[in-house]
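# Analysis of the macromolecular model
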Amino acid sequence: YYHAMYAQQHAACWRSGVLHPRWYPGLNDGLGGPEPRTRPLAPLVLHAAFALALDDAVAATALATALIPPVAGLLMLAAARRRGAGPAVAGLVGTAWAASPYLLVSLHERAALQEAWALALLPLVLAPLLPPGPASRREALLGAAAFAILAATQLLVAFMAAVILAAAHLAAPRRRALGAGAALLLGLGMSAVSWLPNVVSLGRIQGEVFASGWF
């Protein structure tokens, strides 16, 4: 319900000429006043595009739910091939990632679409930036762009990716840690348009919750 509602609201803002809404005036039919846009930007944009194309936010959410596992599998297959795996091994790894229990539970039990999209995108970040990469400026830029999309999809999975990369480069005997670190910082800066307003909005909401004595 919430994913469909946010997709509908974001698409409604687009129809009204507001391309980058900071809040949704019609959320829950306007009950309780405008709510800040606290969700990551990339899933909102994608789901709103689906909602506009299908003219149905519920169908847009169903489409996103159906697309995530195959997208996750294909991206993992491509990442495995990039890291030197053969076709059979890459296909097996991609299938295992698409059918991994945590991804499917996040998707179908918890309805955590942002997290599921982020897990699907995770191989895009790890493939060019894990040791001994990034091997070139092009790989570093690809890793930065992938990390920017990941950070605009879900910050916690982006943080997890950064920790994995830091641990891998610290453990590797031959590493390009500075290149990987620069790529992560560049990606974080590129995605600030998404996560910075989210952090500010969440801080304000939590401040209001504590101030009103909800706990």
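Residues numbered from 1 in each chain as written. Predicted model: local features only at pLDDT ≥ 70, side-chain atom pairs only at ≥ 80, totals over all residues. Heavy atoms only, no water.

Before going further, it helps to examine the nonpolar core. Core analysis: the biggest nonpolar cluster contains 36 residues, and Ile68, Val125 and Leu150 have the highest contact counts within it. Among the secondary structure elements, those contributing two or more residues to this core are helix H1 (2–15), helix H2 (41–54), helix H3 (57–82), helix H5 (101–108), helix H6 (113–129), helix H7 (137–151), helix H8 (155–171) and helix H9 (177–190). Here this core takes eleven residues from H6, the largest share from any one element. Those residues in contact with Leu150, other than ones at most four positions away along the chain, are Ala118, Leu121, Leu122, Val125, Val157, Ala158 and Ala161. (Core = buried A, V, L, I, M, F, W, Y, C linked by side-chain atoms within 4.5 Å. Buried < 20%, exposed > 50% of the residue type's maximum accessible area, 1.4 Å probe, protein only. Helix = DSSP H or I, 4+ residues; strand = E, 2+ residues; numbered from the N terminus. Contact = heavy atoms within 4.5 Å.)

The tally for this structure, following the rule as stated, stands at two aromatic pairs. Measuring from centroid to centroid gives 5.2 Å for Tyr1 and Tyr2, while their planes differ by 70 degrees, and the two rings are edge-to-face. Residue Tyr2 is classed as partly exposed on the basis of its relative accessible area, which comes to 48%. Plain terms: the ring middles of Tyr6 and Tyr24 are 5.8 Å apart, the flat faces sit at 75 degrees to each other, and that makes the pair edge-to-face. In this pair, Tyr6 is assigned in helix H1 and Tyr24 in strand E1 (residues 23–24), connecting sequence segments 18 residues apart. Taken as a pair, Tyr6 and Tyr24 share a single burial class, namely buried. (Phe/Tyr/Trp six-rings, centres within 6.5 Å; stacked < 30°, edge-to-face > 60°.)

So, on to a nonpolar patch on the surface. Judged by side-chain polarity, Leu155, Leu185, Leu188 and Val199 come together as a nonpolar surface patch covering roughly 330 Å² of accessible area. Relative to the helices and strands, Val199 is located in helix H10 (residues 192–211). (Patch = residues over 30% accessible without salt bridge, like charges linked within 9 Å, V, L, I, M, F, W, Y side chains within 5 Å. Areas by Shrake-Rupley, 256 points an atom, 1.4 Å probe, with all protein chains shown as cover. Salt bridge = Lys/Arg side-chain N within 4 Å of Asp/Glu carboxyl O.)

Residue Pro132 is bonded to the preceding Pro131 through a cis peptide linkage, with omega at 5 degrees. Of note, Pro132 is situated in the loop between H6 and H7. Even without being glycine, Asp55 reaches a positive phi, approximately 55 degrees. Position of Asp55 among the secondary structure elements: in the loop between H2 and H3. Phi at Ala111 takes a positive value of approximately 50 degrees, unusual for a residue other than glycine. Inspection of the secondary structure puts Ala111 in the loop between H5 and H6. Taking the relative accessible area as the measure of exposure, Ala111 reaches 38% and is therefore partly exposed.

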